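So you can see what is in the structure, the chains are spelled out below.
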Amino acid sequence: MSKHTLAAMTSAPPTTARPATTSRRMSGEDRRRQIVRIAMQQFSEKGFNGVTTKEIAARAGVSEAIIFRHFATKQDLYAAILDQKMKDADARSFWERMRELAARRDDQNFFETIMRHVIERHRADYSFQRLLFFSALEGHELSDMFFRLYVRDIFDFLADYIETRIREGAFREVNPHVAARSLFAMPFLQTMFEQLHGDQTVTGSPEALARAYSSIFFEGIRRPAAGARVHPAGETVVPS
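Scoring rules and cut-offs
- Residues numbered from 1 in each chain as written.
- Predicted model: local features only at pLDDT ≥ 70, side-chain atom pairs only at ≥ 80, totals over all residues.
- Heavy atoms only, no water.
- 1 Å grid on protein atoms, 1.4 Å probe; cavity = no way out; pocket = protein on both sides within 12 Å on 5 of 7 lines; lining within 4 Å.
- Points joined across faces, edges and corners; volume = space filled by probe spheres on them.
- Helix = DSSP H or I, 4+ residues; strand = E, 2+ residues; numbered from the N terminus.
- Nonpolar A, V, L, I, M, F, W, Y, C, P; charged D, E, K, R; others polar.
- Buried < 20%, exposed > 50% of the residue type's maximum accessible area, 1.4 Å probe, protein only.
- Contact = heavy atoms within 4.5 Å.
- Phe/Tyr/Trp six-rings, centres within 6.5 Å; stacked < 30°, edge-to-face > 60°.
- Lys NZ or Arg CZ within 6 Å of the ring centre and 35° of its normal.
- Axes fitted to C-alpha atoms, helices over the stretch in contact; angles between N-to-C directions.
- Parallel < 35°, antiparallel > 145°, perpendicular 65-115°, else oblique.
- Left-handed = near helix turned anticlockwise from the far one by under 90°.
- Expected span 1.5 Å × (residues − 1).

Novice: Tell me about the layout of surface pockets, and name the residues and values.
Specialist: When its volume is computed, the largest pocket comes out at roughly 800 Å³. Lining the largest pocket are 33 residues, with M86, F146, V151, I154 and F184 sitting closest to its centre. Contributing elements (two or more residues each) for the lining of the largest pocket: helix 4 (74-88), helix 5 (91-104), helix 6 (107-124), helix 7 (126-137), helix 8 (141-167) and helix 9 (176-197). In terms of residue count, the dominant contributor to the lining of the largest pocket is helix 8 (nine residues). Looking at side-chain class alone, the lining of the largest pocket contains 21 nonpolar, three polar and nine charged residues.

Below you can see the structure in the form of structure tokens.
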């Protein structure tokens with residue numbers, strides 16, 4: 001998609017929503033965060049093709065000129081949405097914790113921590129998950145931005161760690177990139193089924209679910225104990 005200005009999004013009829021009222025004049029930073037929050041909410045409810053800057057402006061109680069002042073292009077707005085979500089998720093603390101666990105070779109806690117993080121973040125804001133679904137289904141550039149800027153780093157980090165532990169003899173020979181995606185898929189599907197289907201077949205706190213899923217993953221990837229053999233179906237069998 002070419003980098004048109006935000007004005008290209010205004011072709012749809014203006015919304016009839018009544019402008020929001022504010023009791024005081026917002027600072028520039030507060031206004032920027034408000035616009036990002038409203039844009040994300042609207043995109044998650046209607047998709048990117050169903051929202052105009054007129055509607056975002058009306059919801060924020062400002063003119064379109066204010067939107068353009070903060071975000072000259074659509075890419076600026078999308079990047080701000082992703083940046084805000086990373087701040088909400090406290091990404092810096094998360095990465096510090098993961099690097100600490102990796103350095104200690106605390107395998108099960110390493111896997112459990114990342115699974116708990118995925119469940120907590122998705123449960124805390126299902127609207128962002130819906131936003132990502134819309135962007136992927138509509139072939140929208142936000143999906144590519146999110147994967148390129150954030151998801152790829154997580155997959156590469158996980159794969160590198162798993163590959164290192166394979167070389168050190170802690171894990172059996174597996175494709176580290178496949179294993180990394182398998183690890184991430186378990187908590188992601190948990191929250192996706194909860195949101196899209198209201199599925200309550202498997203319930204529990206993020207801690208309990210992460211512990212259960214990480215245990216399954218860890219038992220499947222770690223190298224069998226000495227003297228054990230691996231059943232063709234993948235089950236470890238210890239001779240009696």
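Novice: With reference to specific residues and values, describe the side chain of S214.
Specialist: One can find S214 in helix 10 (residues 206-221). Among the residues examined, S214 registers a relative accessible area of 0% and is labelled buried. Setting aside its immediate chain neighbours within four residues, S214 contacts Q108, F111, E112 and M115.

Novice: Give a detailed account of the packing of aromatic side chains, specifying residues and quantitative values.
Specialist: Evaluation of the coordinates by the stated rule reveals 18 aromatic pairs. Where F110 meets F111, the ring centres are 5.6 Å apart and the plane angle is 80°; that geometry is what we call edge-to-face. We note that F110, like F111, is buried. Taken together, a centroid distance of 6.5 Å and an interplanar angle of 80° make the contact between F111 and Y161 edge-to-face. In this pair, F111 sits in helix 6 while Y161 sits in helix 8, placing the two residues 50 residues apart along the sequence. Accessibility classification places F111 together with Y161 in one group, the buried group. Each residue in the set F94, W95, F110, F111, F157, Y161, F171, F217 and F218 is aromatic and connected to the rest through ring pairs, giving one cluster. In this structure, R165 packs its charged tip against the face of F171, placed 5.8 Å from the ring centre.

Novice: Any details on the packing of helix 1 (residues 28-46) against helix 7? Residues and values, ideally.
Specialist: Running from amino to carboxyl end, helix 1 crosses helix 7 at an angle of 60°, the nearest separation of the two axes being 8 Å. Taken together, helix 1 and helix 7 sit at an angle that is classed as oblique. Crossing hand, helix 1 versus helix 7: left-handed. Between helix 1 and helix 7, the contacting residues are M40, F43, S44, E45 and K46 on the first element and S127, F128, R130, L131 and F134 on the second. When the residues that make up the contact of helix 1 with helix 7 are grouped by side-chain class, the tally is five nonpolar, two polar and three charged.

Novice: So what's going on with helix 6? Residues and values would help.
Specialist: Between the first and last C-alpha of helix 6 there are 26 Å, a value that for 18 residues agrees with the 26 Å anticipated at 1.5 Å per step. Taken together, the buried positions of helix 6 are occupied by D107, F110, F111, E112, T113, I114, M115, H117, V118, I119 and H122. Looking at the buried positions of helix 6, the neighbouring elements they touch are helix 5, helix 7, helix 8, helix 9 and helix 10.

Novice: I'd like to hear about the packing of helix 9 against helix 10, residue by residue, with values.
Specialist: In contact at an axis separation of 11 Å, helix 9 and helix 10 are set at 150° when each is read in the N-to-C sense. On the basis of the axis angle, helix 9 is roughly antiparallel to helix 10. Crossing handedness for the pair helix 9 and helix 10: right-handed. Mapping the contact onto sequence places A179, S182, L183, M186, Q190 and E194 in helix 9 and L209, Y213, I216, F217 and I221 in helix 10.

Novice: Could you give an account of helix 1, with specific residues and numbers?
Specialist: Each full turn of the α-helix corresponds to 3.6 residues, which orients residues three or four apart in the same direction. Between its first and last C-alpha, helix 1 extends 27 Å over 19 residues, near the 27 Å set by a 1.5 Å rise per residue. Elements in contact with the buried residues of helix 1: helix 2 (53-60), helix 3 (64-70), helix 4 and helix 7. Residue G47 follows helix 1 closely and has a positive phi angle near 80°.

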